[in-house]
Amino acid sequence: MTSKHQKTAINMAKFIQSQTLLLLEKLNELESDNEADLCEKLHEDAETLYRRLLIAFPDSNGE
């Protein structure tokens, strides 16, 4: 059984993933290449973290 804390961690990781994607889009619109590169790495790390949490806490579906 997945605890409330585990579900919260998964939800937070998913939120960070979505927010970094939005930020990346804005930085691309601003043609802020260096910052967009950093944000892209951050987004990739957030995706990796989210997937790893889903594996670590398999009883949760991220909701």
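Placed above this text is the structure.
Residues numbered from 1 in each chain as written. Predicted model: local features only at pLDDT ≥ 70, side-chain atom pairs only at ≥ 80, totals over all residues. Heavy atoms only, no water.

### Quick notes on the side chain of Ser32
Argument step 1. With respect to the secondary-structure elements, Ser32 resides in the loop between helix H1 (4-29) and helix H2 (33-56).
Argument step 2. Given the relative accessible area of 18%, Ser32 is considered buried.
Argument step 3. Within the structure, Ser32 has its side chain in polar contact with the side chain of Glu35 (distance 2.5 Å). (Helix = DSSP H or I, 4+ residues; strand = E, 2+ residues; numbered from the N terminus. Buried < 20%, exposed > 50% of the residue type's maximum accessible area, 1.4 Å probe, protein only. Polar contact = N/O pair within 3.5 Å; in protein donor to acceptor, adjacent residues only side chain to side chain.)

### Remarks on the pattern of salt bridges
Argument step 1. Here the structure, examined in full by the defined rule, presents 2 salt bridges.
Argument step 2. Close ionic contact of Glu29 with Lys26 constitutes a salt bridge, the shortest N to O distance being 4.0 Å. Note that Glu29 and Lys26 are positioned in helix H1 at a spacing of 3 residues, about one turn of the helix.
Argument step 3. Taking relative accessible area as the criterion, Glu29 reaches 58% and is therefore assigned exposed.
Argument step 4. Exposure remark for Lys26: the relative accessible area of 49% places this residue in the partly exposed category.
Argument step 5. Lys41 is paired through a salt bridge with Asp45; the nearest N and O atoms lie 2.7 Å apart. (Salt bridge = Lys/Arg side-chain N within 4 Å of Asp/Glu carboxyl O.)

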